[in-house]
Every structure is written in structure tokens, then in C-alpha cells.
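What the coordinates show
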Amino acid sequence: MTNWHGVFIKAESGVEVRAVAAGKVVFADWLRGFGNVVILDHGEGYMTVYGNNDSLLRNPGDTVRTAEALATVGSSGGQDESGLYFEIRHRGQPQDPAKWMAAK
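So, here's what we can say about the structure.

**Overview of the overall build of the protein chain**
Summing up its helical and strand segments, the protein chain has one helix and nine strands in all. Order of helices (α) and strands (β) in the protein chain, N terminus to C terminus: β-β-β-β-β-β-β-β-β-α. Here the C-alpha radius of gyration of the protein chain, 12 Å, is about what a compact globule of 104 residues would show, namely 13 Å. Along the three orthogonal principal directions, the C-alpha set of the protein chain runs to about 35 × 25 × 20 Å. Relative to its 104 residues, the protein chain shows a buried fraction of 36%. Of the contacts formed within the protein chain by residues at least 6 apart in sequence, a portion of 61% connects residues at least 24 apart. Summing over all exposed atoms, the protein chain offers an accessible surface of approximately 6000 Å²; the carbon and sulfur share of this is 49%. Taking the 10 positively charged and 12 negatively charged side chains of the protein chain as two groups, their mean positions are separated by 7 Å.

**Remarks on unusual backbone geometry**
A positive phi angle, close to 55°, is found at glutamate 44, a residue other than glycine. With phi around 50°, arginine 91 is a residue other than glycine that occupies positive phi space. Summarising the element assignment, arginine 91 is placed in the loop between β8 (83-90) and β9 (93-95).

**Some points on the pattern of salt bridges**
Overall, the coordinates contain five salt bridges when judged by the stated rule. Glutamate 68 serves as the salt-bridge partner of arginine 65, at 3.2 Å between the closest nitrogen and oxygen. A cluster of three or more residues bridged by salt bridges with shared partners is formed by Arg58, Arg65 and Glu68.

**A short note on the packing of aromatic side chains**
Enumeration according to the criterion identifies two aromatic pairs in this entry. Look at tyrosine 50 and phenylalanine 86: their rings are 5.4 Å apart centre to centre, the planes differ by 55°, and that puts the pair in the tilted class. Of the two residues, tyrosine 50 is situated in strand β5 (residues 46-56) and phenylalanine 86 in strand β8; the sequence distance between them amounts to 36 residues. Here tyrosine 50 matches phenylalanine 86 in class, with each residue buried.

**What to know about the nonpolar core**
Core analysis: the biggest nonpolar cluster contains 14 residues, and Val38, Leu40, Tyr50 and Leu70 have the highest contact counts within it. Listing elements by their share of this core, those giving two or more residues are β3 (23-31), β4 (35-43), β7 (69-73) and β8. If we ignore the near neighbours within four places in the chain, the residues touching valine 38 are Val25, Phe27, Ala28, Thr48, Val49, Tyr50, Asn53, Leu56, Leu70 and Ala71. Counting residues in each nonpolar core, the second largest holds five residues, with Phe34, Val37, Val49 and Tyr85 among its members.

Conventions we followed
- Residues numbered from 1 in each chain as written.
- Predicted model: local features only at pLDDT ≥ 70, side-chain atom pairs only at ≥ 80, totals over all residues.
- Heavy atoms only, no water.
- Helix = DSSP H or I, 4+ residues; strand = E, 2+ residues; numbered from the N terminus.
- Rg over C-alpha atoms; globule rule 2.2 N^0.38 Å.
- Buried < 20%, exposed > 50% of the residue type's maximum accessible area, 1.4 Å probe, protein only.
- Contact = heavy atoms within 4.5 Å.
- Areas by Shrake-Rupley, 256 points an atom, 1.4 Å probe, with all protein chains shown as cover.
- Lys, Arg positive; Asp, Glu negative; His and termini not counted.
- Charge placed at Lys NZ, Arg CZ, Asp CG, Glu CD.
- Salt bridge = Lys/Arg side-chain N within 4 Å of Asp/Glu carboxyl O.
- Phe/Tyr/Trp six-rings, centres within 6.5 Å; stacked < 30°, edge-to-face > 60°.
- Core = buried A, V, L, I, M, F, W, Y, C linked by side-chain atoms within 4.5 Å.

Structure (C-alpha cells):
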């Protein structure tokens, strides 16, 4: 069983997944338990993970701006319903997305 540290956000299949902040794509591929995943490095030890996607629109090495499309929502992670798995990490440690968003 996969150990998730983020949140699952229900969404219709095909909806664009957008970057929460500017960054560089460090991973864009299928990952067991997470499906099609894009991972962004935002610098200063911050990374965001976007999983369960139907299709990936970015490749490793791509630079993206805030709100640019990264992927499309799907159910590639083995979920019964479509949606986005979202995770924030700081220096490798999972962060509570709700607390992070409340602080902004």
C-alpha cells in the first residue's frame, strides 16, 4: 500500500492541473501508487507533487510559471474516481497542505 502524505482533490477527468508556484520539473512519469506524476522543485527546499493524472504536459527540465498547466486530471493512481493527489514537501519532509495554504 502506498503511503500518501498529501491530499486527494476530487475533480473531473481532463481538467488541467496547474502549478501552485513557479518551478522546475524534476520528475514527470508514472510512479507506482501515484500514477502519472509531475514533481516541481520550487527552490529553497520546497517541492510539490501532482499525482493521479491522466496525461502529463511537461517533461523533466521544463521551467514553469505559476498557474501553468502541468497535466490533466485522471485516475492513473488506481483510485476509483478521478482527482488530483497533491503534496508539498520541504527538505524532504511532507507538509500539511491546509496549513501551508492558510499561511499564504
